[in-house]
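One-letter residues, chain by chain:
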Amino acid sequence: MKTLTIRRPDDWHLHLRDGAMLAGIAPESARHFGRAIIMPNLVPPVVTAAQASAYRERILAVLPEGADFQPLMTLYLTEETDAQDLVQAHGDGIITAVKLYPAGATTNSASGVKDFDKVRPTLEAMAENGVPLCVHGEVVDSDVDIFDREAVFIDRVLDPIRRATPGLRVVMEHITTKQGVDYARSGGETLGATITTHHLVINRNAILVGGIKPHYYCLPVAKREEHRLALREAATSGDATFFLGTDSAPHIDPLKENACGCAGCFTATNTLSILAEVFEQDGALDRLEAFASLNGPAFYGLAPNAATVTLTKGEPVSYPAKIETGAGSVTVFDPMMPLHWRVD
């Protein structure tokens, strides 16, 4: 196969940041994607409908002229979230989902949830009104190894929440383990899971072997090879449970390359080429459209994009090593393999 045409894909988990960084990196997602779920972990976080509307306008203001890109906004769930404002925002089309961060789990998550009992009334209101919950699925207990945080979260937090709140639509974001894959598959039609581009490519050796590689450090952290292979099998299976959420997360290089580097891989620029390579390697090019373009809209109750994109296979494609923004340079994820699929 030399060419592949698919419905224009969507990104169901994206960080665009704000200010000068936003202006520099938003065009990278708008180039190939039709829609994206926008993460609300700004400083301060996006916690009200008014803040979500204002952030959406800032995003639209920095897109290139003629860009066909729709930011789908989210609210950051806190223990003080106004459930009425949240439900109204969803009903009015201002937000598409709500994001749950356990406090301290990742970048700008200090305002997240510590006591899950305090958000149960809000979760019940969401279930009653069809508002999806996007979950960063890690516990932060000091006695839990960082490589076990996702599996423990499923047992201690996620499964009890879902049992206590029937009908709540939940997206397990950026799953990284076989346990995550297995639980997502067992969850029925109210449970979906996003998988990132970088977790299909790297395991924890990429971060640690031959010296610390800060641009492969992300949260949730990459796990053992057996987990990467489980993610590959899930993504390429065609199973409607799984869909693309890149978790593309830009940080300027000085904040990545220091004694306490930030977590995040920036993949917006070259994700489609990487995915085509991965799916071809696994003999699943015919299922790339489902993962990138169809399964996500189906879970969120939206129609697929009408537009299409075409990928052409040929000589290796070159992408910039860095994106220059007004905030500083951002390193583009290096998949450590040649990419032969170009997005036309």
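Each value, and the rule that gives it
Residues numbered from 1 in each chain as written. Predicted model: local features only at pLDDT ≥ 70, side-chain atom pairs only at ≥ 80, totals over all residues. Heavy atoms only, no water. Helix = DSSP H or I, 4+ residues; strand = E, 2+ residues; numbered from the N terminus. Rg over C-alpha atoms; globule rule 2.2 N^0.38 Å. Buried < 20%, exposed > 50% of the residue type's maximum accessible area, 1.4 Å probe, protein only. Contact = heavy atoms within 4.5 Å. Areas by Shrake-Rupley, 256 points an atom, 1.4 Å probe, with all protein chains shown as cover. Lys, Arg positive; Asp, Glu negative; His and termini not counted. Charge placed at Lys NZ, Arg CZ, Asp CG, Glu CD. Core = buried A, V, L, I, M, F, W, Y, C linked by side-chain atoms within 4.5 Å. Axes fitted to C-alpha atoms, helices over the stretch in contact; angles between N-to-C directions. Parallel < 35°, antiparallel > 145°, perpendicular 65-115°, else oblique. Left-handed = near helix turned anticlockwise from the far one by under 90°. Nonpolar A, V, L, I, M, F, W, Y, C, P; charged D, E, K, R; others polar. pLDDT = per-residue confidence, 0-100. Phe/Tyr/Trp six-rings, centres within 6.5 Å; stacked < 30°, edge-to-face > 60°. Lys NZ or Arg CZ within 6 Å of the ring centre and 35° of its normal.

**Comments concerning the overall build of the protein**
Okay, step 1: Within the protein, the regular secondary structure consists of 11 helices and 14 strands.
Okay, step 2: Relative to a compact globule of 344 residues, whose C-alpha radius of gyration would be 20 Å, the protein shows 19 Å and is just as compact.
Okay, step 3: Over its C-alpha atoms, taken along the principal directions, the protein stretches across nearly 55 × 45 × 40 Å.
Okay, step 4: Burial statistics for the protein: of 344 residues in total, 57% are counted as buried.
Okay, step 5: Within the protein, contacts between residues at least 6 apart in sequence are counted, and of these 74% link residues at least 24 apart.
Okay, step 6: With the model as given, the accessible surface of the protein reaches about 13500 Å², and the carbon-plus-sulfur share is 51%.
Okay, step 7: Distance between charge centres in the protein, computed from 30 positive and 43 negative side chains, equals 4 Å.

**Quick look at the nonpolar core**
Okay, step 1: If you look at the biggest cluster of nonpolar residues, it comprises 96 residues, and the most contacted ones within it are Leu16, Tyr55, Val98, Leu133, Met172, Ile195 and Phe279.
Okay, step 2: Setting aside anything within four residues of it in sequence, one finds leucine 133 in contact with Leu77, Val98, Leu100, Leu123, Met126, Leu168, Arg169, Val170 and Val171.

**What to know about the packing of helix α3 (residues 83–91) against helix α4 (residues 120–129)**
Okay, step 1: At a minimum axis distance of 10 Å, the contact between α3 and α4 shows a crossing angle of 25°. Here α3 lies roughly parallel to α4, going by the angle between them. Viewed along their axes, α3 and α4 form a crossing whose handedness is right-handed. The segment α3 lies against α4, with Ala83, Leu86, Val87 and His90 engaging Thr122, Ala125, Met126 and Asn129.
Okay, step 2: The residue inventory of the contact of α3 with α4, partitioned by class, reads 5 nonpolar, 3 polar and no charged.

**Comments concerning the confidence of the model for the protein**
Okay, step 1: Of all residues in the protein, 99% have pLDDT values of 70 or greater, and the mean over the chain is 96.
Okay, step 2: Averaged pLDDT values over the elements of the protein bottom out at 96 in helix α5 (residues 149–164) and peak at 99 in strand β10 (residues 242–244).

**Remarks on the environment of tyrosine 55**
Okay, step 1: Its place among the elements puts tyrosine 55 in helix α2 (residues 49–61).
Okay, step 2: Residues contacting tyrosine 55, with those up to four places away along its chain left out, are Leu16, Arg17, Asp18, Leu22, Ile38, Met39, Leu42, Val46 and Met73.

**Concerning the packing of aromatic side chains**
Okay, step 1: Counted by the stated rule, this structure contains 7 aromatic pairs.
Okay, step 2: Between tryptophan 12 and tyrosine 300, the ring centres sit 4.7 Å apart and the planes meet at 10°, which makes this aromatic pair stacked. Taken together, the positions of tryptophan 12 in strand β2 (residues 11–14) and tyrosine 300 in helix α11 (residues 288–300) put the pair 288 residues apart, joining distant regions of the chain. Pair check on accessibility: tryptophan 12 and tyrosine 300 agree, each one buried.
Okay, step 3: Their ring planes at 75° and their centres at 6.5 Å tell us that phenylalanine 243 and tyrosine 300 sit as a pair that is edge-to-face. You can see phenylalanine 243 sitting in strand β10 and its partner tyrosine 300 sitting in helix α11, a full 57 residues away along the chain.
Okay, step 4: By relative accessible area, phenylalanine 243 is classed as buried at 0%.
Okay, step 5: Between the NZ or CZ atom of arginine 169 and the centre of the ring of phenylalanine 299, over which it lies, the distance is 4.2 Å.

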